[in-house]
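Fold and geometry: a report
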Amino acid sequence: MRYLHTMVRVKDLDAALDFYCAKLGLQEVRRIESEKGRFSLIFLAAPDDVAAAKENFAPLVEITYNWDPEDYAGGRNFGHLAYQVDDIYAACQKLADGGVTINRPPRDGHMAFIRSPDGISIELLQKGEPLAPAEPWASMQNTGAW
């Protein structure tokens, strides 16, 4: 398993980038714009981690900016921790066997979400290409929120 990023939702992208980049000194290493999803993801790295981050070898801060206004009450502006796993199905099965609820099952062989006992969302991402869809995951419904 490898730690990937921590996601934070922001209401004002310019103000957030001013804070994280201009003031705190983080540097943008990747950006994803989704017309369909109506969001922007901006990945930031500490100055000493920029080279490694560009090769996907350093933990990042993921700034998520949803284009439509949204209120992030109750700490919803803190999104999740993310970890890359070698086999998402095996990882989810081990967690489920340990009593952990899989909130968003890995139906696509790529991504799943669980929650810590304290309610922190944790994203699991398949290393490399997604695995082929497989049961029981492919038909499993979401449970709760993530």
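Placed above this text is the structure.
Before going into details, it helps to say that this report is about the structure given with it. None of the values given here were measured: they were computed from a predicted structure.

1. Structural notes on helix H1 (residues 13–23)
Residues Leu 13, Ala 16, Leu 17 and Tyr 20 constitute the buried set of H1. Buried residues of H1 fall within an arc of 95° about the axis and therefore sit on the same side. Exposed residues lying more than 90 degrees from the buried face of H1 are Asp 14, Ala 22 and Lys 23. Where H1 starts, the residue carrying a side-chain oxygen 3.1 Å from the main-chain nitrogen of Asp 14 turns out to be Asp 12. In the segment just after H1, Gly 25 is the residue with positive phi, at about 95°.

2. Quick notes on the nonpolar core
Grouped together as the largest cluster of nonpolar side chains are 11 residues: Val 85, Ile 88, Tyr 89, Ala 91, Cys 92, Ile 102, Ala 112, Ile 114, Ile 122, Leu 124 and Trp 137. Mapped onto this core, the elements with two or more residues apiece are helix H3 (88–97), strand E7 (111–115) and strand E8 (121–126). Ranked by the residues each element gives to this core, the list is headed by H3, at four residues. Those residues in contact with Ile 122, other than ones at most four positions away along the chain, are His 80, Leu 81, Tyr 83, Ala 112, Phe 113, Ile 114 and Ser 116. Membership of the second largest hydrophobic core comes to 10 residues, among which are Val 8, Val 10, Leu 13 and Ile 42.

3. Observations regarding the layout of surface pockets
By rolling a water-sized probe across the atoms, one finds the places where empty space is left. The computed volume of the largest pocket comes to approximately 580 Å³. Lining of the largest pocket is provided by 23 residues; of these, Leu 4, His 5, Glu 62, Glu 123 and Leu 125 occupy positions nearest its centre. It is strand E1 (residues 2–10) that contributes the most residues to the lining of the largest pocket, five residues altogether. Here the lining of the largest pocket is composed, by residue class, of 10 nonpolar, seven polar and six charged.

4. Here's the deal with the side chain of Asn 66
By the element assignment, Asn 66 lies in strand E4 (residues 60–66). Residue Asn 66 is classed as buried on the basis of its relative accessible area, which comes to 19%. Non-local contacts of Asn 66, meaning those with residues more than four positions away in its chain, are made with Arg 9, Arg 38, Phe 39 and Tyr 72.

Analysis parameters
Residues numbered from 1 in each chain as written. Predicted model: local features only at pLDDT ≥ 70, side-chain atom pairs only at ≥ 80, totals over all residues. Heavy atoms only, no water. Buried < 20%, exposed > 50% of the residue type's maximum accessible area, 1.4 Å probe, protein only. Helix = DSSP H or I, 4+ residues; strand = E, 2+ residues; numbered from the N terminus. Arc of directions from axis to C-beta. Polar contact = N/O pair within 3.5 Å; in protein donor to acceptor, adjacent residues only side chain to side chain. Core = buried A, V, L, I, M, F, W, Y, C linked by side-chain atoms within 4.5 Å. Contact = heavy atoms within 4.5 Å. 1 Å grid on protein atoms, 1.4 Å probe; cavity = no way out; pocket = protein on both sides within 12 Å on 5 of 7 lines; lining within 4 Å. Points joined across faces, edges and corners; volume = space filled by probe spheres on them. Nonpolar A, V, L, I, M, F, W, Y, C, P; charged D, E, K, R; others polar.

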